[in-house]
Amino acid sequence: MTPPAASVGGGLPPGARFAGGAVAGPPGWHAGDAPADRDLAQCVACGLCLPHCPTYRLTGLEVASPRGRIAAMRQVATGRRPLDRVFEQAMDLCLGCRACETACPSQVPFGRLLEGARAQAEPGRAAPARLARWIGLEGVLGHPPLLTGAATLASLARPVLPPRLRRLVPAGRLRRRPLAAVTEPSGPRRGTVAVLRGCIQDLWYRDVNRATVTVLARAGWRVVVPAGQVCCGALHAHYGHLDAARRLARRNHPVLAAADHVVANAAGCGAHLRSYGELIGADDLAARVRDLSVFLDEHGGPPLRHRIERRVAVHDACHLLHAQRVRDAPRRVLGAIPGVELVPLEEPGRCCGAAGLYNLLQPRMSAALGAARAESVDRSRAAIVAVGNPGCAMQIGAQLAARRSAVRVAHPAELLAAASRP
Ligand code: SF4
Ligand code: SF4
């Protein structure tokens, strides 16, 4: 286990504990969004999740562990403590990686609990923090023209941005040529697949979206990129803006549900689409959503005509491994490429520290986790690290660049597109 290093514990003081007190539910939060008693009751405080929790491993603090966070949620639920700053910080320091869920024998739905706790804490935040979150999440992220404008400005200003913001803006990646609305398959049509374009994914990694469309079409699918789709709402949900997340989900539901299948190539977005049943009752859509690697693993990929003579390591995005419980599919589809040698990473399943806006909001913890992940990638002696999530790709790419590593970051779709070219 990584030795505790309380110095990266963000705003939590060493030995932080929750004090008791009266519940002070701030105005504006919906009681229905608070952590549910039945979910809280599932935790038996066994502690088996603790060694798997990145923030506990790095701080050694119970308050920064899943068990500690659940205890705090219970104290709030039973009126034994207020929604104070320490509670807010404990929830903020959580990555939402859900490694604790995979480890938990009692199947505690920690991701759902965390979203509820953050929704509860949100109205009590300091006004500037609330305003910044509202502008970022509801003002910009939910409105594609504003998001494109903000990304263009960020791209232009990249050289003068502070380092922690610069890490969120990949150099020279902004693409203008739009994706085709419809791409017909090579050969007989097997059905129609709708691709979730994503917002961050489409702005910074449109080449990955293009490769995704190409790979699916070469595998025999008619690929549509529905025009009316908006941000999936994952970040809104993770940061406690559940009403906004529901609004976005309701806009996406009819737009995506028309296709036979829905494919996401960003693990965080895919995991969130798969939660639309729980969020807005869209079980019909949620059941048809697959990560690209899973879809190709289930249905067969394109003919692979070219060799890629490279050692390839697979970084498991937390929202693929822990939220969607997918580990083998990316390895199977990449391992089928002639010439590819898959190499393992130390501590598979270790979070890279990207976690949505975490690298912006918790820069020290995020940098510690990112550096550790980049080091393990370097030690694997891989030439390429395959990453199926844009946040992880940015984080690992930035950390590898800081180490002057020669390892290249690629999305599985890019490797499959290269191997399946005519
Ligand atoms: S979340 Fe699960 S593993 Fe962790 S303490 Fe609770 S019951 Fe045990
Ligand atoms: S989601 Fe990740 S960081 Fe948060 S408590 Fe669970 S394991 Fe720890």
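Residues numbered from 1 in each chain as written. Chains lettered and ligands numbered in written order. Predicted model: local features only at pLDDT ≥ 70, side-chain atom pairs only at ≥ 80, totals over all residues.

### Brief notes about the site of ligand 2
- Near ligand 2 you find 14 residues, and of these Cys-53, Pro-66, Cys-94, Cys-97 and Cys-100 are the closest.
- Of all the elements in the fold, those that place two or more residues in the shell around ligand 2 are helix H2 (54-59), helix H3 (66-77) and helix H5 (99-103).
- Residues of the shell around ligand 2, tallied by class, amount to nine nonpolar, three polar and two charged. (Near = placed C-beta within 6 Å. Helix = DSSP H or I, 4+ residues; strand = E, 2+ residues; numbered from the N terminus. Nonpolar A, V, L, I, M, F, W, Y, C, P; charged D, E, K, R; others polar.)

### Structural notes on helix H7 (residues 127-141)
- For H7, built from 15 residues, the straight-helix expectation of 21 Å at 1.5 Å per residue is met to within 8% by its first-to-last C-alpha distance of 20 Å.
- A bend of about 30 degrees at Ile-135 is the largest found in H7.
- Every buried residue of H7 is listed here: Arg-133, Leu-137 and Leu-141.
- The inward-facing, buried residues of H7 contact helix H8 (144-157), helix H12 (234-238) and helix H13 (242-256). (Expected span 1.5 Å × (residues − 1). Bend = angle between axes of the 7 residues up to and from the residue. Buried ≥ 20, exposed ≤ 12 C-beta atoms within 10 Å, placed from the backbone. Contact = placed C-beta atoms within 7 Å.)

### Focus: H13
- Its 15 residues give H13 an end-to-end C-alpha distance of 20 Å, which sits within 8% of 21 Å, the value for a rise of 1.5 Å per residue.
- Among all positions in H13, only Leu-242, Ala-244, Ala-245, Leu-248, Ala-249, Asn-252 and Leu-256 are buried. Down the axis of H13, the buried set is contained in an arc of 145 degrees. They therefore lie on one face. (Arc of directions from axis to C-beta.)

### Side note on the environment of Ala-90
- As for its placement among the helices and strands, Ala-90 is situated in helix H4 (residues 85-93).
- Overall, Ala-90 belongs to the buried group, with 27 C-beta atoms counted inside 10 Å.
- With 24 residues separating them along the chain, Ala-90 and Pro-66 place their C-alpha atoms 9.8 Å apart.

### Focus on the pairing of strand S8 (residues 384-387)
- By the alternation rule, side chains of S8 split into Ile-384 and Ala-386 and Val-385 and Val-387, which are all buried.
- In this sheet, S8 lies alongside strand S6 (residues 311-315) in parallel orientation, the contact comprising four bridges. Bridge pairing in S8 links Val-312 to Ile-384.
- Where S8 lies against strand S9 (residues 408-410), three bridges are found, and the strand directions are parallel. The residue of S9 that forms the bridge with Val-385 is Val-409.
- Between S8 and its parallel partner S9, the chain crosses via helix H22 (residues 390-402), and the hand of that crossover is right-handed. (Pairing = 2+ DSSP bridges. Right-handed = clockwise from strand over helix to strand, strands pointing away.)

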